[in-house]
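Topology and contacts: notes
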Amino acid sequence: MPSSTTASLDTPPYAVAVVGLGAMGLPMATRLTSKLSVHGFDISEDRMQLASDAGILRHGSARAAAEHVDAVLLAVRNGAQLDDVLFGVDGIAEVLSPGSVVILTSTVGTEAIPATVEKLAAYGVALVDAPLSGGPIRAAAGDLLIVVGAAPESLEKARPVLELLASTLTIVGDRPGDGQALKTVNQLLCGIHIAAAAEALALADALGLDPAKTLSALEAGAAGSFMLSNRGPRILSAYEEEGAPVLSRLDIFVKDMGIVGQATRAAGLASPVAAAAEQLYLLGQAQGLGAADDSAVIRVLAPVQRTV
């Protein structure tokens, strides 16, 4: 019998394609190169050059990148983009290897999932529903929170990718869509928490309190939360000329709180607090803040800082 070493040498390395090498895609792909063979494509030549420098095998198209791989990781904006990447004119579904998996890391809501699963099944490909939380820095460090809905056999196929990216990997259920459902609940809380933190710090400013001291005191008390500590310093930077560094765009929460609203209405559940938060993000987008960091939502409530 061949030794285990020989067997491992005869086994092709696990290959994953990352389609879209943007703010999240590139650090995830770079992280994956530590153990896996990583193929990538992006429409930006600058991102492709950065990918090549990081050891990612660059391709001239998404279809070329997706051929002959064990998994494709997708970070798309919404359900329409998901459908286009997979099944559009230059969609990759036709070139995927039977038995491979598509790992969806985006928050697109549950509505797009059943049709995607059905269409992929015609090619012998499974969907692993794995929306994630965390920014580019955490992605590069393999410190993401990922919630997964997938059949057990599909999950096992995707594990080499998921375990390299996640410090917390929560298996929600064995159906694609379960991950989207939990992420929707997560985004309801996150969207509300950011809006509430902005409102609290706007009030502190209106009352003439020192913003930094106020934030420090709130963090130490019962009102403290992860989102307050994470977004608070960025909220305090929102009035600076450059604003806070863009780690999470405000218009992402326009999308995500929209998904929350759709889910609650479909469930026949009132969500007045989430609806109020959604309106703040919509107002921010209407005021030209869509591409700004989501901490800029404070400027919707208080366009000008009073305490300087």
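Scroll up to find the structure.
Residues numbered from 1 in each chain as written. Predicted model: local features only at pLDDT ≥ 70, side-chain atom pairs only at ≥ 80, totals over all residues. Heavy atoms only, no water.

Remarks on the overall build of the protein chain
Put simply, the rule is: Note on conventions: DSSP H or I runs of at least 4 residues are helices, E runs of at least 2 residues are strands, and numbering of each starts at the N terminus. For the radius of gyration, the atom set is restricted to C-alpha positions; the globular benchmark scales as 2.2 Å times the number of residues to the power 0.38. Note on exposure labels: buried denotes an accessible area under 20% of the residue type's maximum, exposed denotes more than 50%, and partly exposed covers the range between, all computed with a 1.4 Å probe on protein chains only. In what follows, residue pairs with any heavy atoms lying within 4.5 Å of each other are defined as contacts. The Shrake-Rupley method, run with a 1.4 Å probe, gives the accessible areas here. Residue values count only the displayed protein chains as cover. When charges are counted, Lys and Arg are positive and Asp and Glu negative, with His and the chain ends excluded. Here the site of a charge means NZ on Lys, CZ on Arg, CG on Asp, or CD on Glu.
What the protein chain contains, in helices and strands, is 14 helices and 9 strands. Relative to the compact-globule value of 19 Å for 308 residues, the protein chain shows a C-alpha radius of gyration of 21 Å, a close match. For the protein chain, the spread of C-alpha atoms along the principal axes amounts to about 75 × 45 × 35 Å. Per-residue burial over the protein chain gives 46% buried out of 308 residues. Within the protein chain, contacts between residues separated by at least 24 positions form 66% of all contacts whose residues are at least 6 apart in sequence. When the accessible surface of the protein chain is totalled, it reaches about 14,600 Å², and 58% of it is carbon and sulfur. Positive and negative side-chain charges of the protein chain, numbering 20 and 32 respectively, have mean locations separated by a distance of 3 Å.

Thoughts on the packing of helix α2 (residues 25-32) against helix α8 (residues 152-165)
Each packed pair of helices is defined by two parameters, the angle between the axes and the distance between the axes. As a reminder of what qualifies: Lines fitted to the C-alpha atoms define the axes, with helices restricted to the stretch that makes contact. Angles between their N-to-C directions range from 0 to 180 degrees. Roughly parallel covers angles under 35 degrees, roughly antiparallel covers those over 145, roughly perpendicular covers 65 to 115, and oblique covers all other angles. Each residue is assigned to one class: nonpolar for Ala, Val, Leu, Ile, Met, Phe, Trp, Tyr, Cys and Pro, charged for Asp, Glu, Lys and Arg, and polar for all the others, Gly among them.
Packing of α2 against α8 leaves a shortest axis separation of 9 Å and a crossing angle of 110°. It follows that α2 is roughly perpendicular to α8 by the angle criterion. Contact residues: Met28, Arg31 and Leu32 in α2; Val161, Leu164 and Leu165 in α8. Each residue belonging to the contact of α2 with α8 can be placed in one class, and the counts come to 5 nonpolar, no polar and 1 charged.

Notes on the side chain of aspartate 42
The condition is simple: N or O atoms closer than or at 3.5 Å make up a polar contact, with two conditions inside protein: a donor-capable atom paired with an acceptor-capable one, and, for residues adjacent in sequence, both atoms drawn from side chains.
Here aspartate 42 shows up in the loop between β2 (37-41) and α3 (45-53). Within the structure, the side chain of aspartate 42 is placed 2.7 Å from the backbone nitrogen of leucine 21, a separation counted as a polar contact. A polar contact is formed between the side chain of aspartate 42 and the backbone nitrogen of serine 44, at a distance of 2.8 Å. Leave out the neighbours within four places in its chain, and aspartate 42 touches Gly20, Leu21, Gly22, Arg47 and Met48.

A closer look at the packing of helix α9 (residues 178-206) against helix α13 (residues 272-286)
The line we're drawing: Helix crossings get a hand from a simple test, with the near helix turned counterclockwise from the far one by less than a right angle marking a left-handed crossing and a clockwise turn marking a right-handed one.
Running from N to C, α9 and α13 point in directions that differ by 65°, and their axes come no closer than 9 Å. Judged by the twist between their axes, the crossing of α9 over α13 is left-handed. In this structure, α9 contributes Leu188, Gly191, Ile192, Ile194 and Ala195 to the contact, and α13 contributes Val273, Ala274, Ala277, Leu280 and Tyr281. Tallied by class, residues from the contact of α9 with α13 come to 9 nonpolar, 1 polar and no charged.

Some details on unusual backbone geometry
Here histidine 68, not a glycine, exhibits a phi torsion of approximately 60°, which is positive. Tracing the chain through its elements places histidine 68 in the loop between α4 (62-66) and β4 (71-74).

Observations regarding the pattern of salt bridges
To keep things clear, this is the line we draw: Any Lys or Arg side-chain nitrogen found within 4 Å of a carboxyl oxygen on Asp or Glu counts as a salt bridge.
Taken as a whole and judged by the stated rule, the model has 14 salt bridges. A salt bridge links arginine 138 to aspartate 143; the shortest N-O distance between them is 3.6 Å. The class for arginine 138 is partly exposed, based on a relative accessible area of 31%. A salt bridge links aspartate 251 to arginine 249; its shortest N-O distance comes to 2.6 Å. According to the relative accessible area criterion, aspartate 251 is buried, its value standing at 8%. If you follow the salt bridges from partner to partner, you end up with Arg231, Arg234, Asp293 and Asp294 in one network.

Points about the pairing of strand β8 (residues 144-149)
Under the convention used in this document: Note on pairing: two strands pair once DSSP finds at least 2 bridges between them. For a crossover, the right-handed case is the one in which the path from the first strand over the helix to the second runs clockwise, viewed with the strands pointing away from the viewer.
Summarising burial for β8: 5 of the 6 residues are buried, a large majority. Bridge count between β8 and strand β9 (residues 166-173): 6 bridges; the pairing is parallel. Looking across to β9, one finds that leucine 144 is bridged to alanine 166. Taken together, β8, α8 and β9 form a β-α-β motif whose crossover is right-handed.

Looking at the environment of threonine 170
Secondary-structure assignment places threonine 170 in strand β9. Among the residues examined, threonine 170 registers a relative accessible area of 32% and is labelled partly exposed. Distance from threonine 170 to methionine 24, taken between C-alpha atoms, is 20 Å for residues 146 residues apart in sequence. Setting aside residues no more than four positions away along its own chain, threonine 170 makes contact with Leu145, Ile146, Val147 and Val148.

Notes on the nonpolar core
Where we set the bar: We define a nonpolar core as any set of buried Ala, Val, Leu, Ile, Met, Phe, Trp, Tyr and Cys residues linked to one another through side-chain atoms lying within 4.5 Å.
Of all hydrophobic cores here, the largest spans 58 residues; its most connected members are Leu32, Leu74 and Ile92. With 6 residues, α8 is the single largest residue contributor to this core. Setting aside chain neighbours within four positions, we find leucine 32 in contact with Val16, Val18, Val38, Leu73, Val161, Leu164 and Leu165. Grouped together as the second largest cluster of nonpolar side chains are 28 residues, Ile194, Leu228, Met257 and Leu289 included.

A word on the environment of alanine 202
Along the polypeptide, alanine 202 turns up in helix α9. Remark: the alpha-carbon pair of alanine 202 and arginine 299, spanning 97 residues in sequence, is separated by 8.7 Å. Discounting chain neighbours no more than four positions away, the residues touching alanine 202 are Ile298 and Ala302.

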